[in-house]
Amino acid sequence: MSVLAIETHALRKTYGRRVAVNDLDLAVPAGGVHGFLGPNGSGKTTSIRMLLGLVRADSGTMRIFGHDVPRELPSVVARVGAIVESPKFFPTFTARKNLNLLADAIGAPRTRVEEVLAETGLADRAKDRYAGYSLGMKQRLAVAATLLKSPDLLIFDEPTNGLDPSGIREIRDTMRSLGEQGRTVLVSSHILAEVGQIADTVSIIGRGRLLASGPVAEVIGNRTVDAVRVGVADAAGAQAVLLAAGLRVTPEGDMLLVRDEPDPARITYLLAQREIYVRELLPVRADLESVFLELTRGEGLPVEHRASGRDRRRGRRRSDAPPAPQAGGRPVARSADGTGSADETGADGRWDR
Ligand SMILES: Nc1ncnc2c1ncn2[C@@H]1O[C@H](COP(=O)(O)OP(=O)(O)OP(=O)(O)O)[C@@H](O)[C@H]1O
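What counts, and at which threshold
Residues numbered from 1 in each chain as written. Predicted model: local features only at pLDDT ≥ 70, side-chain atom pairs only at ≥ 80, totals over all residues. Heavy atoms only, no water. Helix = DSSP H or I, 4+ residues; strand = E, 2+ residues; numbered from the N terminus. Expected span 1.5 Å × (residues − 1). Contact = heavy atoms within 4.5 Å. Pairing = 2+ DSSP bridges. Axes fitted to C-alpha atoms, helices over the stretch in contact; angles between N-to-C directions. Parallel < 35°, antiparallel > 145°, perpendicular 65-115°, else oblique. Left-handed = near helix turned anticlockwise from the far one by under 90°. Nonpolar A, V, L, I, M, F, W, Y, C, P; charged D, E, K, R; others polar. Salt bridge = Lys/Arg side-chain N within 4 Å of Asp/Glu carboxyl O. Buried < 20%, exposed > 50% of the residue type's maximum accessible area, 1.4 Å probe, protein only.

(A) Region of the structure containing helix 6 (residues 165-180). With 16 residues, helix 6 extends 22 Å between its outermost C-alpha atoms, agreeing within 8% with the 22 Å of an ideal straight helix rising 1.5 Å per residue. Contact partners of the buried residues in helix 6: strand 3 (32-37), helix 4 (110-119), helix 5 (135-147), strand 7 (153-157), strand 8 (184-189) and helix 7 (192-196).

Structural data, given as structure tokens:
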């Protein structure tokens, strides 16, 4: 059997009375992109930080390429590149100069700098100063920096946070091509759409626990999302009837999304009884997004128990972390009112910080 890139067993971490990671079993195969998915506060960053030896686990075991970590981290650290902390590049230096300095510091040949610039699509902009880079380019430079030592495993914690759509696409393409080269890419995200399309395998967590894992097709295929889109003239009336019948109903434009009813004919029957006639009935195919929403429904940290983003970040700075091995940012995408990420709200509205 091939060695897994990452394996955790019964991994657990608490902060005071808050359980951040709860008996987590992860199995990340070597090679390809693995999406590490879960709502905000579900324990992704804490898990990653434990794997990298930045936070001490309370209990459980972790292995990277078969090496027990953190005990054997020195033997395997050269094979691991991670972006979990703020980038530490010199703003007035060019991208190439920044990478040359880093390469010298870690003993990588200068030729490697040109290779990683090409790999991350930055070769044309290598002469530009870091300060003039877009957020997406800064993030790609952080990826380039992690590639200098040719790691077999790359760990990216929410790499697309704060990026615009083109920046997101660029990072996604970069991760995809790294996976295709046979490297293992672990990428965490609370926005499934950003990772779902490029991941070969996924682990979905909620409240620090594993909810589902495996090849994307299997994770989707193992579950049927019994949802039906229903079109009627009187959507409000139909909603009331279906709710009274104990079904879950979500208005979607002029349609209703109805769950928990495996037999669409019964929906027609229930409505016809009240003289509401269905003009459209469309079964909704399960996709990773709907599986994700289904699995993580209510699995985000309850709002009343959640510290604010600022408090949490302050908490992190105070906490038990020596400096991270690599550069990389956790910029927080702000909504128009500046209170939080524009796209952090899940179906149940409980994902925002
Ligand atoms: N240093 C810390 N001190 C106290 N509590 C913490 C600390 N770091 C994380 N937590 C808490 O642990 C839980 C898991 O947080 P974690 O950051 O690992 O989740 P996450 O899935 O990465 O979320 P996000 O996507 O918002 O970063 C949360 O309740 C968080 O508030």
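After that view, the rundown keeps rolling.
(B) Layout of the sheet that holds strand 8. Taken together, the six strands give an open sheet; going across it, the order is 6-7-8-3-9-10, and neighbouring strands pair in mixed fashion. Lying at the two open borders of the sheet, with one neighbouring strand each, are strand 6 (80-83) and strand 10 (209-215). Recorded for the sheet is a direction-independent mean angle of 15° between the axes of neighbouring strands. Strands strand 3, strand 9 (201-206) and strand 10 of the sheet are contacted by helix 11 (residues 288-296), whose axis makes an angle of about 25° with strand 9.

(C) Focus on the packing of helix 5 against helix 6. Between helix 5 and helix 6, the shortest axis-to-axis distance is 8 Å and the interhelical angle comes to 20°. On the basis of their axis angle, the class for helix 5 and helix 6 is roughly parallel. Between helix 5 and helix 6 the crossing geometry is right-handed. On helix 6, the residues touching Gly136, Gln139, Arg140, Val143 and Leu147 of helix 5 are Gly167, Glu170, Ile171, Thr174 and Leu178.

(D) Structural view of the packing of helix 9 (residues 235-244) against helix 10 (residues 264-273). Closest axis-to-axis distance for the helix 9/helix 10 pair is 10 Å, and the angle between their directions is 115°. Regarding the angle of helix 9 to helix 10, the classification is roughly perpendicular. Here the hand of the crossing between helix 9 and helix 10 comes out right-handed. Residue-level inspection shows Ala238, Val241 and Leu242 of helix 9 in contact with helix 10, the latter providing Ile267, Leu270 and Leu271. When grouped by side-chain class, the residues that make up the contact of helix 9 with helix 10 number six nonpolar, no polar and no charged.

(E) Region of interest: the pattern of salt bridges. All told, the structure shown has 17 salt bridges when counted by the stated rule. Residue Arg63 pairs with Asp68 through a salt bridge whose shortest N-O separation is 3.8 Å. With its nearest N and O atoms 4.0 Å apart, the salt bridge here joins Arg279 to Asp254. Taken as a pair, Arg279 in strand 14 (residues 278-284) and Asp254 in the loop between strand 12 (248-252) and strand 13 (255-259) lie far apart in primary sequence, 25 residues in all. Residues participating in the shared-partner salt-bridge network are Arg63, Asp68, Arg71 and Glu72.

(F) Highlighting unusual backbone geometry. In this model, Val69 is joined to Pro70 through a cis peptide bond whose omega is 10°. Position of Pro70 relative to the elements: it lies in the loop between strand 5 (67-69) and helix 2 (73-76). Of note in this structure, Phe65 is not a glycine but carries a positive phi near 45°. Along the chain, Phe65 turns up in the loop between strand 4 (59-64) and strand 5. Taking the relative accessible area as the measure of exposure, Phe65 reaches 11% and is therefore buried. In this structure, Glu275 is a non-glycine residue whose phi angle is positive, near 60°. Overall, Glu275 belongs to the exposed group, its relative accessible area being 64%.

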